[in-house]
Amino acid sequence: MAIIVNVDVMLARRKMSSGELAEKIGITPANLSILKTGKAKAIRLSTMDAICKALECQPGDILEYRQE
């Protein structure tokens, strides 16, 4: 897929664990894992909003497009 999810990068920069982020944004660690691995087919804007608030970042810090 040409869309790259950089949640792990932002977690490392913020020194936050996946479990902590999942708890802060109100989703299960399993669903966060699906998102982080790029297996998710869609993401709700409300979830993206919560991720950006928790990690103090912009959507472009989380999602990246790379041409295949």
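Thresholds applied
- Residues numbered from 1 in each chain as written.
- Predicted model: local features only at pLDDT ≥ 70, side-chain atom pairs only at ≥ 80, totals over all residues.
- Heavy atoms only, no water.
- Helix = DSSP H or I, 4+ residues; strand = E, 2+ residues; numbered from the N terminus.
- Rg over C-alpha atoms; globule rule 2.2 N^0.38 Å.
- Buried < 20%, exposed > 50% of the residue type's maximum accessible area, 1.4 Å probe, protein only.
- Salt bridge = Lys/Arg side-chain N within 4 Å of Asp/Glu carboxyl O.
- pLDDT = per-residue confidence, 0-100.
- Polar contact = N/O pair within 3.5 Å; in protein donor to acceptor, adjacent residues only side chain to side chain.
- Contact = heavy atoms within 4.5 Å.

Some remarks on the overall build of the protein chain
Counting its regular elements, the protein chain contains 5 helices and 2 strands. Over its C-alpha trace the protein chain gives a radius of gyration of 11 Å, about what one expects of a compact globule, namely 11 Å for 68 residues. When the backbone C-alpha atoms are referred to their principal axes, the protein chain occupies close to 35 × 20 × 20 Å. Every one of the 68 residues in the protein chain was classed for burial, and the buried ones make up 32%.

Points about the pattern of salt bridges
Tallied over the full model, the rule gives 3 salt bridges. Put simply, Lys36 and Asp8 hold a salt bridge, and the shortest N to O gap is 3.1 Å. In this pair, Lys36 sits in helix H3 (residues 29-36) while Asp8 sits in helix H1 (residues 7-14), placing the two residues 28 residues apart along the sequence. Asp8 gets classed as partly exposed once you look at its relative accessible area, which sits at 43%. Residue Asp49 is joined to Lys53 by a salt bridge in which the shortest nitrogen-to-oxygen separation is 3.2 Å. Separated by 4 residues within a single helix, Asp49 and Lys53 lie in helix H4 (residues 45-55), roughly one turn from each other. Given a relative accessible area of 40%, Asp49 falls into the partly exposed group. By relative accessible area, which is 61% here, Lys53 ends up exposed.

Structural notes on unusual backbone geometry
At Lys15, a residue that is not glycine, the phi angle is positive and equals roughly 55°. Take Lys15: its relative accessible area is 75%, and that puts it in the exposed class.

Details of the environment of Lys41
Take Lys41: it is sitting in the loop between H3 and H4. Counting along the chain gives 11 residues from Lys41 to Cys52, while the straight-line C-alpha distance between them is 19 Å.

Remarks on the confidence of the model for the protein chain
Of the residues in the protein chain, 99% reach a pLDDT of 70 or more, and the chain-wide mean stands at 94. By mean pLDDT, the top-scoring element of the protein chain is H4 (97), and the lowest-scoring one is strand E1 (residues 3-5) (92).

What to know about the side chain of Lys36
At a separation of 3.1 Å, a polar atom in the side chain of Lys36 contacts the side chain of Asp8. Discounting chain neighbours no more than four positions away, the residues touching Lys36 are Val5, Val7, Asp8, Leu11 and Ser18.

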